Amino acid sequence: MPDQATMQALKDVANKLRIHSIKATCASNSGHPTSCCSAAEVMSVLFFHTMRYKADDPGNPCNDRFVLSKGHAAPILYAAWAEAGFVKESDLLNLRKIDSDLEGHPTPKLPFVDVATGSLGQGLSAACGMAYTGKMFDRASYRVYCLLGDGECSEGSVWEAMAFAAYYKLDNLVAIMDVNRLGQSDPAPLQHQMDVYKKRCESFGWNTIVVDGHDVEALCQAFSNAQQTRGQPTCIVARTLKGKGLKGIENELNWHGKPIPKDTVDGFLNNILGQIQNPNKTLCPELPKDDVTPADQRMIPLSEPPSYKSGEKVATRRAYGDALAKLGRSSSRVVALDGDTKNSTFSITFQKSFPDRFIECFIAEQNMVGVAIGCAARDRAVVFVSTFAAFFSRAYDQIRMGAISQSNVNFVGSHCGVSIGEDGPSQMALEDLAMFRAIPTCTVFYPSDAVATERAVELAANTKGMCFIRTSRPDTPIIYSAQELFELGVAKVVRQSNNDLVTVIGAGVTLHEALAAADMLQSEGKNIRVIDPFTIKPLDADTILASAKATGGHIITVEDHYKEGGLGEAVLSAVGHEQGIVVTRLAVTSVPRSGKPRELLDLYNISAKHIANAVRQKFAN
């Protein structure tokens, strides 16, 4: 335990953090000073007594990690780094300004922020990913701390993360609940029922300690207890007061997200300043153990090229598993996560080869995505996450936040479209392309055979930003040789002649339907050009435009996806500025039903015969 002088210094730092937070939010005339004030002692003890890190090198891989899940309290995080000497104190007054990286909620534009937070309920999942990586992959001594607000504990993803951490015995993880009683518009449901918080956390398998969150000695003891606990993560449930130290505002509703009025702020600041006994005493964090190597940034190739035979039928989901295992043989940084669907997505192939690098996340997709983002932080792992593509929609907010986090996670969604067959519409991803196309940092792959799938996996592993690979359930023929080269944003013209009437663009199963349609039409003396885009984002607009101009301006897109936001709309966006090009879109236009894959492709007008009919109708006259 620290001596009395250090205890007083920690109290002083807490009050300095309050002052910084109040001044910064007043300067921006926006922000959440009361949410900062409740966490001041927690942040002081964490950053200047408990955590081990290099203050001049926040991204050092050996450092302890900190995740501010209650991201609206960003000013106190910035204040802590100012007290640590990394952020200039004067810069705190630029909070939320257009030319400042001290934004309203933390993002990795700042070197001391690993993951973006602010959409509540997500920080603990990311912290779980960091802690799992530290314990299981890096096998290092760094610890992970996550500060949550009590309001966000109504989010189910928090409890998914609690279950995950306990199941994997992440004893290098500490969650701190800042139970300040008050939400944005109402009190939090449990208010200050600390016994209920304790029972809930204990029931999830956590070592749980209830403390007065404004008592630095109690906090020091609690963090010491956490460091000594083995086999369990620790949750410190801190009873705090929102707006602590601000008389008339402390513990009062209706002060969330409001700066202190300028005509009263000096009185509050002087009162807090008067409680600081030694304003010139500095506290320095202890340095971490130097037991983590820098991330290996080399390219990761497939350990061997695809080995499928021409004409052989292989599902692209199976090829994903083969490719992932090959990547795993090339680099120990490659890890895989799945949500209890590994025998359908074929991530089980990787698990069998590298069980120590496979994380079973069970049926908790929101947490799985958050864990993946945490695993990928600081480039500690090259992460692939797989489940049915439809189930990623449950975690869309986590995926959206992953983009803000500048994460490099790779998502692989199987069982897309009506071609999955009898399982019916709840299992059919028909909006996934639209989802991932809307993510600003995301590359969207839609491979059409097993060779293309293996190359998509290889490219994804080496592509900055997030990636989505759409895989299909049915076995489809191999159309590419093992030596075929694939690039982002470069389409393949897989069928063409000098007198093609129409350009048909398909992907996945619909590319094969388009090729079958080409055979039908050829027997009638009609030739069509068939394009495989390979990536939907970026889309190869040049190849599509050149082909369209060569085929009289006629394009037909065909996709096993809803009409909104998919392949057809991507093509329309690419050619919309060109005169004389007409795009006909074949897509699923209503909520589908169960049936055999062939029946469903026919029923929703995306089979070979419907493609052929669409071509015939264009030239009926």
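Bear in mind the structure is a predicted one, so any value in this text is a computation, not a measurement.

How each quantity is defined
Residues numbered from 1 in each chain as written. Predicted model: local features only at pLDDT ≥ 70, side-chain atom pairs only at ≥ 80, totals over all residues. Heavy atoms only, no water. Pairing = 2+ DSSP bridges. Helix = DSSP H or I, 4+ residues; strand = E, 2+ residues; numbered from the N terminus. Axes fitted to C-alpha atoms, helices over the stretch in contact; angles between N-to-C directions. Contact = heavy atoms within 4.5 Å. Buried < 20%, exposed > 50% of the residue type's maximum accessible area, 1.4 Å probe, protein only. Right-handed = clockwise from strand over helix to strand, strands pointing away. Phe/Tyr/Trp six-rings, centres within 6.5 Å; stacked < 30°, edge-to-face > 60°. Lys NZ or Arg CZ within 6 Å of the ring centre and 35° of its normal. UniProt positions renumbered as here; feature names shortened; annotations may be inferred. Domains from an automatic or database assignment. Buried area = accessible area lost by both parts, 1.4 Å probe. Salt bridge = Lys/Arg side-chain N within 4 Å of Asp/Glu carboxyl O. Polar contact = N/O pair within 3.5 Å; in protein donor to acceptor, adjacent residues only side chain to side chain. Nonpolar A, V, L, I, M, F, W, Y, C, P; charged D, E, K, R; others polar.

Q: Lay out the sheet that holds strand S2 (residues 144–149) in plain terms, naming residues and giving numbers.
A: Read across the sheet, five strands follow the order S1-S2-S3-S5-S4 without closing on themselves; strand pairing throughout is parallel. Edge strands, defined here as strands with exactly one partner in the open sheet, are strand S1 (65–68) and strand S4 (207–212). On average, each strand axis in the sheet is tilted by 20 degrees relative to the strand beside it, whichever way the strands run. One ladder, built from six bridges, connects strand S3 (residues 173–179) with strand S5 (residues 234–239); its direction is parallel. Of the residues in S5, the one forming a bridge with Met177 is Val237. Relative to S2, helix H3 (residues 40–50) is tilted by about 175 degrees, and along the sheet it contacts S1, S2, S3 and S5. Each of S2, S3, S4 and S5 is contacted by helix H8 (residues 216–228), which is oriented at about 170 degrees to S4, the strand it contacts most.

Q: Tell me about the pairing of strand S16 (residues 527–532), residues and numbers included.
A: Judged by how many residues are buried, S16 sits mostly within the fold: six of six residues are covered. Side-chain alternation along S16 places Asn527, Arg529 and Ile531 on one buried face and Ile528, Val530 and Asp532 on a second face that is also buried. Sheet topology note: the strand S14 (residues 492–495)/S16 ladder contains three bridges and is antiparallel. When the bridges of S16 are listed, Lys492 appears paired with Asp532. Of the strand pairs in this sheet, strand S15 (residues 500–506) and S16 are connected by four bridges, and their pairing is parallel. In the sheet register, Val504 faces S16, and the bridge partner there is Val530. A crossover connection joins S15 to the parallel S16 through helix H17 (residues 509–522); in handedness this β-α-β unit is right-handed.

Q: Tell me about the packing of aromatic side chains, and please be specific about residues and values.
A: Summed over all chains, the structure comprises 26 aromatic pairs. With centroids separated by 4.8 Å and ring planes inclined at 45 degrees, the aromatic side chains of Phe486 and Phe534 adopt a geometry described as tilted. Of this pair, Phe486 sits in the loop between strand S13 (475–477) and S14 while Phe534 sits in the loop between S16 and strand S17 (535–537), and the two are 48 residues apart along the sequence. Classification of Phe486 as buried rests on a relative accessible area of 9%. Taken together through their ring pairs, the aromatic side chains of Phe47, Tyr53, Phe66, Tyr78, Trp81, Phe86 and Phe112 make up a single cluster. Between Lys492 and the ring centre of Phe486, over which it is positioned, the NZ or CZ distance is 4.7 Å.

Q: Please give an account of the UniProt feature "domain: Transketolase-like pyrimidine-binding" (unreviewed entry) in the protein chain that cites residues and values.
A: The positions that UniProt labels "domain: Transketolase-like pyrimidine-binding" (unreviewed entry) are, in the present scheme, residues 314–478. The span residues 314–478 is 39% helical and 19% strand by assignment, and the distance between its end C-alpha atoms comes to 7 Å.

Q: So what's going on with the domain arrangement of the protein chain? Which residues, and what values?
A: If you check the domain split of the protein chain, you get domain 1 (4–275), domain 2 (312–478) and domain 3 (492–619). Taken together, the contacts link 36 residues of domain 2 with 33 residues of domain 3. Counting the surface lost from both domain 2 and domain 3, the interface buries some 2500 Å², and carbon and sulfur atoms represent 62% of this. It is Leu430, Arg437 and Tyr446 that lose the most area in domain 2 upon contact with domain 3, and together they represent 28% of the buried surface on that side. Here domain 2 and domain 3 share zero salt bridges between them. Here domain 2 is connected to domain 3 by 21 residue pairs in polar contact (both at pLDDT 80 or more). For the side of domain 2 that touches domain 3, the element with the highest residue contribution is helix H15 (residues 432–437), accounting for five residues. Residues that form the side of domain 2 that touches domain 3 fall into these classes: 22 nonpolar, eight polar and six charged.

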